Amino acid sequence: MKTIQERTEELRQIAAQARASLGMESCNFNDKAQVKAFEKQTEALFKSRINLIKRYENTESGSEALSYAVIRRRTEAILAYAQKTGGDFRQKYPKLNVDQALAALYAPCPSSSFEQLNERLHIETAAAIFLLDQLRSSGRLDEALAYLPESREELDRVMMPYLTDAVHSDDLIRGMLYVIRYRNEGRRGFDEHRAFMNDADALRQTEAAEPTVGRSRFDAILRLLDQDTVSEITDRFLAQINDLTDRFLAVLSHLQDQKIALTETKIRMIEEEIRRVTQAAQSDTTLTVFSSFDTTVTGDSQGQESAAAVEEELQKIEFQIQSFCMSLTLLTPEREDEVRALLPEALFNRLTPPKAGDPYETCFGFLALLDSGCDEIWLYQPSYLILDHACRELPWAGTGTQEQPPTFSPTLYEAAKRRPEAYITPPSDSVLRRHIVSQPFVDPHRDTISFAQLVYIMSGMVPPRGLPELSYMKALLQDSALSESEIDILYEYLSLAYLVAKRDENYVFIDEEEAPEAPEPGDDHAEELRELKRENKNLKALINKLERRLRESAEALKNADESLTQATSELGELRSMIRTPEKEQADYTTTVAFPYTVKKRTVVFGGHSSWRKAIRPLLPNVRFTDPSAQTNTALILNADVVWIQTNALSHSSFYKIIDLVRKHNIELHYFKFAGAEKCAEQLVLTEQDAAANAKETAE
């Protein structure tokens, strides 16, 4: 129970809070104090969202990569975008605090991450193919080849979907893919397992760094592109981001209008309650009221019900606003129904998906903007949705998994075997064999030629000779809206594509065939000369192929020798560990002055926490890892020397470390002792011995 004065003051405070919640004053970016306040407000929102995300870590949605560098970059992007576009949006949505709305829309939320999207739809592969297409069409592919990796080891470091491109070889695509994936290698924050939006990308604009091989390669290839074309592509991507943001703000503005109307109603009801309580108090000064603003001794049940209904509607709108802001990355075909359930149908229909243009171009546009340090890309949610919708148009996006070759439908295939007459097209019905092509392609002695003959005349390719195992596809196509003639042509196209993808390994693909020279009058040897040139070209291609295989075999033999040498050395170290008697360890005397600064980049795996705590001060610039943490591949690849303390190291981690060390020829050693000081001295003496041996070899 409260007195009249206490209750009146409480109601005034509730009304003031309601008015404050309607505050629509945006940030004045010319006022440093307001900018700082907005920045702190955004950081607080990020912190709140991140705490929420941690609760979702074990759900199917996964958690975003939210390192400090990435969080900081995303915060800066929201501030920069609000300053850049806020004026236009404020004019369009005057009742909406646009700055706060942008922060709420683009703060982190539980969602799939960009690396998950890349694993599913292979964004990098699409960008690599786009780059190769552009370079080929501009005649600068030969120049770009100088920047692509050639070693098998480098090419095998990248994964790509199972595909056969009609224009570019697998190794050419892998080479461009390698340049994209490792463009930031050697920079702080680089992680080969996270292609986009990682620390290296986040720190790129704020940290000056020496140019690396990967960065030099990538920048050199970008310089070969037509810059006007690149600008047009990135402008289209940015236009889509702005369009999506506009649609999101339109929905929020509509919800905000409802919130304003309900809040104003609530304020009027509170003011009426204050007047009613004040009038009642004038006639009875001993009157007391309950704590709820809609419950007084007057017992106005109708007023109580109205207030409760308004409060319920207000809470519902608040929930819709918060849920909508947290659900933007669910606007994908698989999960858009979850967003649909939050909003009225008319409001949901405003959220039309991004226009799916050329998916290859879209993937490259994203990569180019990310690499340029563009703020809009770091808004995260719109870029994610644009890529998700565009990449669904990629050829490999419909197969579910791209790690294995596409498979035929077992149901249709079995049906085709049971009823071949219903599914398998007789060879005589092949559209490629129909003689329906007339002048100007035929010679004077024939009325018509077949499509197959036309294909050969125009391209030099011999079409497939029937492919029964694909014939059942016609049943699938006949259920579509395609005409019979379209189905026939598509079927033959599928047959051709299938054969090209499964071509024999001895097949030599030649991009451009030299046009035959016109014979000189009276030249009886022209045809013979052309035949010799053709044979010479084929022999050169065979020689190149054999030389390539020879190089690969020599490289494989060299790698095998190096692996054997390394394994022998490793075995010797392991034997010495076994043969070191306990007495010898007990009598061991330390001869190195600590702390000691090692000369090489050294990483240590394994060892109990007490051992790591004791040895770390002795070797201050050595990286010691927690055995319970996931093995960091980038840490190993960037190390000069790897040391292993076998205790407290799981078998899976041990074998992963060993595989990487052997594959990339990284120096490896094992600690022979259990004591921290003895192990530290072993590491130092080993490094000093190696330096002395290198000096002797040089002399």
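Bear in mind the structure is a predicted one, so any value in this text is a computation, not a measurement. (Residues numbered from 1 in each chain as written. Predicted model: local features only at pLDDT ≥ 70, side-chain atom pairs only at ≥ 80, totals over all residues. Heavy atoms only, no water.)

Peer 1: Sorry, what's going on with the overall build of the protein here?
Peer 2: Scanning the protein from terminus to terminus reveals 28 helices and eight strands. Across the 699 residues that make up the protein, the buried fraction comes to 42%. Sequence-distant contacts, at least 24 apart, represent 74% of the contacts inside the protein between residues at least 6 apart. Carbon and sulfur atoms provide 52% of the accessible area of the protein, an area that totals close to 39,000 Å². (Helix = DSSP H or I, 4+ residues; strand = E, 2+ residues; numbered from the N terminus. Buried < 20%, exposed > 50% of the residue type's maximum accessible area, 1.4 Å probe, protein only. Contact = heavy atoms within 4.5 Å. Areas by Shrake-Rupley, 256 points an atom, 1.4 Å probe, with all protein chains shown as cover.)

Peer 1: Is there a simple way to explain empty space enclosed by the protein in this structure?
Peer 2: Regions of empty space are outlined by a rolling probe, equal in size to a water molecule, passed over the atoms. Taken as a whole and assessed by the stated rule, the structure comprises three cavities of 30 Å³ or more. Lining the largest cavity are Lys600, Thr602, Val641, Trp643, Glu667, His669, Leu683, Thr686 and Glu687. For the lining of the largest cavity, the element with the most residues is helix α28 (residues 676-698), which contributes three residues. Of the residues in the lining of the largest cavity, the class split is three nonpolar, three polar and three charged. (1 Å grid on protein atoms, 1.4 Å probe; cavity = no way out; pocket = protein on both sides within 12 Å on 5 of 7 lines; lining within 4 Å. Points joined across faces, edges and corners; volume = space filled by probe spheres on them. Nonpolar A, V, L, I, M, F, W, Y, C, P; charged D, E, K, R; others polar.)

Peer 1: Please explain the pairing of strand β8 (residues 667-670) as it appears in this structure.
Peer 2: Remark: a regular strand shows side chains that alternate across the two faces of the sheet. Bridging between strand β7 (residues 641-645) and β8 involves four bridges; their strand directions are parallel. Directly across from Val642, in β8, lies its bridge partner Leu668. As for the winding sense of the linkage, the β-α-β connection from β7 through helix α27 (residues 651-663) to β8 is right-handed. (Pairing = 2+ DSSP bridges. Right-handed = clockwise from strand over helix to strand, strands pointing away.)

Peer 1: Would you mind going over the packing of helix α2 (residues 32-54) against helix α4 (residues 98-106) with me for this structure?
Peer 2: Packed helices, taken two at a time, are described by the angle between their axes plus the distance between the axes. Contact geometry of α2 with α4 gives a least axis separation of 10 Å together with a crossing angle of 25 degrees. One finds that α2 runs roughly parallel with respect to α4. Here the hand of the crossing between α2 and α4 comes out right-handed. Facing α2, whose interface residues are Phe38, Gln41, Thr42, Leu45, Phe46 and Arg49, α4 presents Asp99, Gln100, Ala103, Ala104 and Tyr106. Among the residues forming the contact of α2 with α4, the class breakdown is six nonpolar, three polar and two charged. (Axes fitted to C-alpha atoms, helices over the stretch in contact; angles between N-to-C directions. Parallel < 35°, antiparallel > 145°, perpendicular 65-115°, else oblique. Left-handed = near helix turned anticlockwise from the far one by under 90°.)

Peer 1: Would you explain the sheet that holds strand β5 (residues 602-606) in this entry?
Peer 2: Whenever strands of a sheet pair, they do so through backbone hydrogen bonds, lying parallel or antiparallel. The four strands are arranged β6-β5-β7-β8 in an open sheet whose pairing can be described as parallel. Edge strands, defined here as strands with exactly one partner in the open sheet, are β6 (623-624) and β8. Bridging between β5 and β7 involves five bridges; their strand directions are parallel. Each bridged residue has a counterpart across the sheet, and for Phe605 the counterpart in β7 is Ile644.

Peer 1: Hey, could you run me through the side chain of His669 in this one?
Peer 2: Within the element layout of this structure, His669 appears in strand β8. By relative accessible area, His669 is classed as buried at 12%. Polar contacts involving the side chain of His669 include one to the side chain of Glu667, which spans 2.7 Å. (Polar contact = N/O pair within 3.5 Å; in protein donor to acceptor, adjacent residues only side chain to side chain.)

Peer 1: What exactly am I supposed to notice about the packing of aromatic side chains here?
Peer 2: Each aromatic ring pair is described using two quantities: the centre-to-centre distance and the angle formed by the ring planes. Considering all chains together, one arrives at 13 aromatic pairs under this definition. Taking the centre distance of 5.4 Å and the plane angle of 70 degrees together, the rings of Trp611 and Phe671 count as edge-to-face. Here Phe671 lies in the loop between β8 and α28 and Trp611 lies in helix α25 (residues 609-615), a separation of 60 residues in the sequence. Comparing Trp611 with Phe671, the two get one shared label, buried. (Phe/Tyr/Trp six-rings, centres within 6.5 Å; stacked < 30°, edge-to-face > 60°.)

Peer 1: I tried to follow the pattern of salt bridges on my own but got confused; where do I start?
Peer 2: Proximity of charged atoms lets side chains of opposite charge pair with each other. Per the stated rule, a full pass over the model turns up 28 salt bridges. Put simply, Glu345 and Arg340 hold a salt bridge, and the shortest N to O gap is 2.8 Å. On the basis of relative accessibility, which here comes to 43%, the residue Glu345 falls in the partly exposed class. Arg340 sits in the partly exposed class, given a relative accessible area of 28%. Via salt bridges that share partners, Arg183, Asp201, Arg215, Asp219 and Asp371 belong to a single interconnected network. (Salt bridge = Lys/Arg side-chain N within 4 Å of Asp/Glu carboxyl O.)

Peer 1: Would you explain the packing of helix α11 (residues 213-223) against helix α16 (residues 359-372) in this entry?
Peer 2: As a packed pair, α11 and α16 sit with axes 13 Å apart at the nearest point and diverge in direction by 120 degrees. When the axis of α11 is compared with that of α16, the two are oblique. Here α11 runs over α16; the crossing is left-handed. Contact residues: α11 offers Arg215, Phe218, Asp219 and Leu222, while α16 offers Phe364, Leu367 and Asp371. Split into classes, the residues belonging to the contact of α11 with α16 amount to four nonpolar, no polar and three charged.

Peer 1: Even after reading the chapter, I still don't get the nonpolar core, so can you show me in this structure?
Peer 2: Nonpolar side chains tend to gather and get buried jointly when the protein is soluble and globular. Within the largest apolar cluster, 107 residues are counted, with the highest numbers of intra-cluster contacts made by Phe248, Phe324 and Leu343. With 13 residues, helix α12 (residues 227-283) is the largest single contributor of residues to this core. Once you skip the residues sitting within four places of it in the chain, Leu343 turns out to touch Val251, Leu255, Gln320, Phe324, Phe348 and Leu351. Counting 19 residues, the second largest nonpolar core, distinct from the first, contains Trp611, Leu619, Phe624 and Leu683. (Core = buried A, V, L, I, M, F, W, Y, C linked by side-chain atoms within 4.5 Å.)

Peer 1: Help me understand the confidence of the model for the protein in this model?
Peer 2: Reading fine detail from the predicted coordinates is not recommended where pLDDT is low. When pLDDT is averaged across the protein, the result is 76; 70% of the residues are at 70 or more. Across residues 287-299, confidence stays below pLDDT 50; counting only partners more than four residues off in sequence or on other chains, it has 35 contacts. This model gives residues 420-429 a pLDDT under 50, and the stretch forms 13 contacts once residues within four places in sequence are excluded. (pLDDT = per-residue confidence, 0-100.)

Peer 1: Just checking my understanding: could you explain a negative patch on the surface for this structure?
Peer 2: A cluster of like negative charges, contributed by Asp226, Asp228, Glu232 and Asp235, occupies part of the molecular surface. Note that Asp235 resides in helix α12. (Patch = residues over 30% accessible without salt bridge, like charges linked within 9 Å, V, L, I, M, F, W, Y side chains within 5 Å. Lys, Arg positive; Asp, Glu negative; His and termini not counted. Charge placed at Lys NZ, Arg CZ, Asp CG, Glu CD.)

Peer 1: Whenever I open this one, α4 confuses me. Can you help?
Peer 2: Helical geometry: 3.6 residues make up each α-helical turn, so side chains three or four residues apart lie on a common side. Summarising burial for α4: eight of the nine residues are buried, a large majority. Those residues of α4 not exposed but buried are Val98, Asp99, Ala101, Leu102, Ala103, Ala104, Leu105 and Tyr106.

Peer 1: Even after reading the chapter, I still don't get the pairing of β7, so can you show me in this structure?
Peer 2: Burial analysis of β7 places five of its five residues in the buried class, the great majority of the element. Across the two faces of β7 the burial is the same, with Val641, Trp643 and Gln645 and Val642 and Ile644 all buried.

Peer 1: So what exactly am I meant to see when it comes to a nonpolar patch on the surface here?
Peer 2: Together, Leu482, Leu490 and Tyr493 make up an exposed nonpolar region whose accessible area comes to about 280 Å². Assignment of secondary structure puts Leu482 in the loop between α21 (473-478) and α22 (484-501).

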